[in-house]
Amino acid sequence: MRIMSDGRVMVFAPAPQLTVTIEQHHDEPELHVHPGGQGIWQTRMITLLGARVTLCAAAGGEVGRVLSPLLEQLTGVTLRLVMREHGSGWYVHDRRGGTREEIAERPGVPLSRHELDELYNLSLAEGLRAGIAVLSGPAHPSVIHPDVYGRLAADLRANGCRVIADLCGRHLAAVLEAGISVLKISHEELIADGTAPDGSTAALTEALIKLHDGGAETVLLSRADEGALALIDGEIHEVALPRLTPAEHRGAGDSMTAGVAAVLARGGPMHEAVRTGTAAGALNVTRHGLGTGHVDAVRVLTERVRLTPMKKES
């Protein structure tokens, strides 16, 4: 039995980071301090598109004491936070030269067994309460074991929750074994994992089918500025992206995932979810803030996204 969503999404973000970015504003440097990481950027876009989010995360150490109040200030978000004994991850980037230069970063300390147990219970309860769950990845695979994702996906699915995953590597393999409703992945990740030998349409199409057969009902594959591919109801579509000038390439995939989740949370169909996700991802690259945008712009761009069924080879 599938749980009906009430317009809320549970985002599983086990290890959010403290992000420090130095920007140049006219003749003066500016310091920006925000919560970050894949799940946080997805959360921002989901709430922007009108859905509510229950964010399940963990934070601790000196960095966590700074990060926690920033997480509490996220608009439209109900925070379920597990306080950790050891440190959360962080990074410091310098954008004064117009490009993003990494100064230093740490992904964070792996979660302990007791921290994982507490976070797992919170996430399971909130995912079942919401009916839609987004499983986002950690900054580094070592922070949380893939088995946690696999068990959570299996338990959520078994009790009627729709699971959306934005993962790769061993974490992806774990949730595919459990079965998921939607997978968002990039062509770079498929090539790195060895699922696709190259970025050709033929190779990526074969990879889509493999992922579907492996446990993903719907697959949304981003291909940078070449347009996305989507497998929906067993049929592969080419997804035409709106042509926009990029300011920041990072974050487009997270906004894609968020757009899909926001539409499904209000009961929209999968085709609309994919089109909205594609529009949100395209808009995000025009901005320096990750997981940001204007809802009216997303709506206008969604009208310009086209899904074209690919012809099957005879």
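Everything that follows concerns the structure shown earlier in this document.
This structure is a prediction, so every number in the text was calculated from the model and none was measured.

Engineer: Describe the sheet that holds strand β6 (residues 88–94), listing the residues and the values that go with them.
Structural biologist: Pairing within the open sheet is mixed, and its four strands lie in the order β3-β2-β6-β7. Single-partner strands in this sheet number two, and they are β3 (28–36) and β7 (101–108). Between one strand axis and the next, the sheet turns by 15° as a mean value, whatever way the strands run. Pairing analysis gives six bridges linking β6 to β7, with the strands arranged antiparallel. Considered in β7, the bridge of Ser88 is made with Gly108. Taken strand by strand, helix α1 (residues 38–48) contacts β3 and β6, and its axis lies near 90° from that of β3.

Engineer: Break down the sheet that holds strand β9 (residues 162–166) for me, citing the residues and quoting the values.
Structural biologist: Here 10 strands make up an open sheet; going across it, the order is β5-β4-β1-β8-β9-β10-β11-β12-β13-β14 and the pairing mixed. At either margin of the open sheet sits one strand with a lone partner, and together these are β5 (77–84) and β14 (306–309). With direction set aside, neighbouring strand axes in the sheet form an average angle of 20°. Against the sheet, helix α7 (residues 201–214) contacts β10 (180–186), β11 (216–222), β12 (228–232) and β13 (235–240), and its axis sits at roughly 150° relative to β11. In the packing of helix α9 (residues 270–284) onto the sheet, the strands contacted are β9, β10, β11, β12, β13 and β14, and the crossing angle to β12 comes to about 165°.

Engineer: Tell me about the pattern of salt bridges, and please be specific about residues and values.
Structural biologist: Applying the stated criterion across every chain, the model contains 10 salt bridges. One salt bridge connects Arg157 with Glu217, and the closest N-O pair in it is separated by 3.0 Å. With Arg157 in helix α4 (residues 146–158) and Glu217 in strand β11, this residue pair connects regions lying 60 residues apart in the sequence. Residue classification places Arg157 among the partly exposed residues on the basis of a relative accessible area of 26%. The structure contains a network of salt bridges with shared partners spanning Arg80, Glu126 and Arg129.

What counts, and where the lines are drawn
- Residues numbered from 1 in each chain as written.
- Predicted model: local features only at pLDDT ≥ 70, side-chain atom pairs only at ≥ 80, totals over all residues.
- Heavy atoms only, no water.
- Pairing = 2+ DSSP bridges.
- Helix = DSSP H or I, 4+ residues; strand = E, 2+ residues; numbered from the N terminus.
- Axes fitted to C-alpha atoms, helices over the stretch in contact; angles between N-to-C directions.
- Contact = heavy atoms within 4.5 Å.
- Salt bridge = Lys/Arg side-chain N within 4 Å of Asp/Glu carboxyl O.
- Buried < 20%, exposed > 50% of the residue type's maximum accessible area, 1.4 Å probe, protein only.

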